[in-house]
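# Remarks on the overall topology
Spelled out, the chains give:
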Amino acid sequence: MEETQENPLAFNSRLDLKNLQEAVEKIKTELGKVIVGQHDMLEMLIISILTDGHSLIEGVPGVAKTLTAKLLAKTLAVDFSRIQFTPDLMPSDILGTSIFNVKNSEFEFKKGPVFSNIVLIDEINRAPAKTQAALFEIMEERQVTMDGTEYKMQPPFLVFATQNPVEQEGTYALPEAQLDRFLFKINVPYPTLEEEIHILENEHNRKDAFVLDSVVQVLNAKQIAEYQHTIKQIIIESNLLKYIAAIVDNTRTNANLFLGASPRASLAIMNASKALAAMNGRDFVTPDDIKKIAPSVLRHRIMLTPEREMEGITADKVVQQIIETIEIPR
């Protein structure tokens, strides 16, 4: 009889990640019906859902930032709302306001569009500081305090925000405190020539079909909560925790940086690395997971010195230098 040779590199996962992996692949398949390429953006947005974190999506107009977020929300059986940020938008326009009820002579709180599960904020940098500040509490604490009353958000609650990096007129820079509340800043590049041809072919073959109608629901709120709980059980060794801490600590002492990353960044790298490991069928984090996640977590949390900005050095380049500097744990 032939003896079965076992793969020495194979391992038995402590957690059952099969359903999670299948769900992720189904979401990617549904989005792939419409979205061509942009694999990194899709992966980071799915990680955002699994880690219960908000994402800031930056790219020039027309690279499917808003469409991707809308399609992703459509694969989830949860509430969705879209808010277009404009220079005249007020906090009450997104949070809600108290209205006097003549029948009972009492004020009643009418909830705004932010009371949903997936909130898409389009062109977030077009609203002034007053409206930006209204998002601080809801993004961090998942609640809105109005007239002394706290209104809790129903899980999951995620903010996907888009912004345009090239427009200057009528835009307001996001404050550091708000940027720090985003798990990721996802940079969306132009498609390649082959991808652009594929986009044209898809649009030509679609005829009169509406793009959103081609996507079906994959996950519900209960399943999302289960997978988020699974992610927290992924193993990460102490030497990898030290590796994450060393990367983030380096941003605070780096000569190229005026502002370093906060402890939120360390937590974000750890949690997102766990999600990436689970999506790849592993119940443990590797250094490669951390190296892949770190740029998207750090690029919006650090600030270059004026001298480095004038030299054309980017935040991504500094983060890459830091990762290459820190010794990888063995």
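Scoring rules and cut-offs
- Residues numbered from 1 in each chain as written.
- Predicted model: local features only at pLDDT ≥ 70, side-chain atom pairs only at ≥ 80, totals over all residues.
- Heavy atoms only, no water.
- 1 Å grid on protein atoms, 1.4 Å probe; cavity = no way out; pocket = protein on both sides within 12 Å on 5 of 7 lines; lining within 4 Å.
- Points joined across faces, edges and corners; volume = space filled by probe spheres on them.
- Helix = DSSP H or I, 4+ residues; strand = E, 2+ residues; numbered from the N terminus.
- Nonpolar A, V, L, I, M, F, W, Y, C, P; charged D, E, K, R; others polar.
- Patch = residues over 30% accessible without salt bridge, like charges linked within 9 Å, V, L, I, M, F, W, Y side chains within 5 Å.
- Areas by Shrake-Rupley, 256 points an atom, 1.4 Å probe, with all protein chains shown as cover.
- Salt bridge = Lys/Arg side-chain N within 4 Å of Asp/Glu carboxyl O.
- Buried < 20%, exposed > 50% of the residue type's maximum accessible area, 1.4 Å probe, protein only.
- Pairing = 2+ DSSP bridges.
- Core = buried A, V, L, I, M, F, W, Y, C linked by side-chain atoms within 4.5 Å.
- Contact = heavy atoms within 4.5 Å.
- Phe/Tyr/Trp six-rings, centres within 6.5 Å; stacked < 30°, edge-to-face > 60°.
- Lys NZ or Arg CZ within 6 Å of the ring centre and 35° of its normal.

## Considerations on empty space enclosed by the protein
For the structure on display, the rule yields one cavity of 30 Å³ or more. Of the voids in this model, the largest cavity is the one considered here, and its volume is about 50 Å³. Every element with two or more residues in the lining of the largest cavity is listed here: α1 (18-32) and α2 (39-51). Tallied by class, residues from the lining of the largest cavity come to 10 nonpolar, no polar and no charged.

## Considerations on unusual backbone geometry
Residue Pro-156 is reached from Pro-155 by a cis peptide bond, and omega for that bond is -5 degrees. Topologically, Pro-156 is positioned in the loop between β8 (149-152) and β9 (158-163). Of note in this structure, Gln-38 is not a glycine but carries a positive phi near 50 degrees. Positionally, Gln-38 belongs in the loop between α1 and α2. Backbone geometry at Glu-123 places phi at a positive 55 degrees, although glycine is not the residue there.

## Concerning a nonpolar patch on the surface
Taken together, the side chains of Phe-100, Val-102 and Phe-107 define a hydrophobic patch exposed on the protein surface, amounting to about 370 Å² of accessible area. With respect to the helices and strands, the residue Phe-100 is situated in strand β4 (residues 96-101). By relative accessible area, which is 44% here, Phe-100 ends up partly exposed.

## So, the pairing of β4
Both β4 and strand β5 (residues 106-111) contribute to a ladder of six bridges, which runs antiparallel. Residue pairing in the sheet places Ile-99 in a bridge with Glu-108 of β5.

## Details of the nonpolar core
Ranked by internal contacts, the top residues of the largest apolar core, which has 74 residues, are Ile-47, Leu-50, Phe-160, Phe-184 and Leu-298. Here this core takes 10 residues from helix α11 (residues 263-279), the largest share from any one element. Dropping the residues within four chain positions of it, Leu-50 is found in contact with Leu-20, Val-24, Tyr-227, Gln-228, Ile-231, Ala-275 and Met-279.

## Thoughts on the side chain of Thr-75
Its location among the elements puts Thr-75 in the loop between α3 (65-74) and β2 (76-77). You can call Thr-75 buried: its relative accessible area is 0%. Discounting chain neighbours no more than four positions away, the residues touching Thr-75 are Ile-27, Glu-30, Leu-31, Val-215, Val-216, Gln-217, Val-218 and Leu-219.

## Remarks on the packing of aromatic side chains
Enumeration over the complete set of coordinates arrives at three aromatic pairs. Consider the rings of Phe-109 and Phe-115, whose centres lie 5.9 Å apart with planes at 70 degrees: the pair is edge-to-face. Note on Phe-115: relative accessible area 18%, which makes it buried. An aromatic cluster of at least three residues, connected via ring pairs, comprises Phe-109, Phe-115 and Tyr-151. In this arrangement the basic side chain of Arg-181 is found over the ring face of Phe-136, its NZ or CZ atom lying 4.9 Å from the centre. Taking the ring centre of Phe-284 as reference, the NZ or CZ of Arg-282 above it sits at 5.8 Å.

## Things to note about the layout of surface pockets
Remark: the empty space left among the atoms is shown by a probe the size of a water molecule rolled over them. If you add up the space inside the largest pocket, you get close to 830 Å³. Lining the largest pocket we find 33 residues, and of these Glu-58, Leu-179, Lys-185, Arg-299 and His-300 sit closest to its centre. For the lining of the largest pocket, the elements supplying multiple residues, two or more each, are β1 (54-58), α7 (176-179), β10 (182-187), β13 (303-304) and α14 (315-325). Counting residues per element, the lining of the largest pocket draws most heavily on α7, at three residues. Taken together, the residues of the lining of the largest pocket break down into 14 nonpolar, 10 polar and nine charged.

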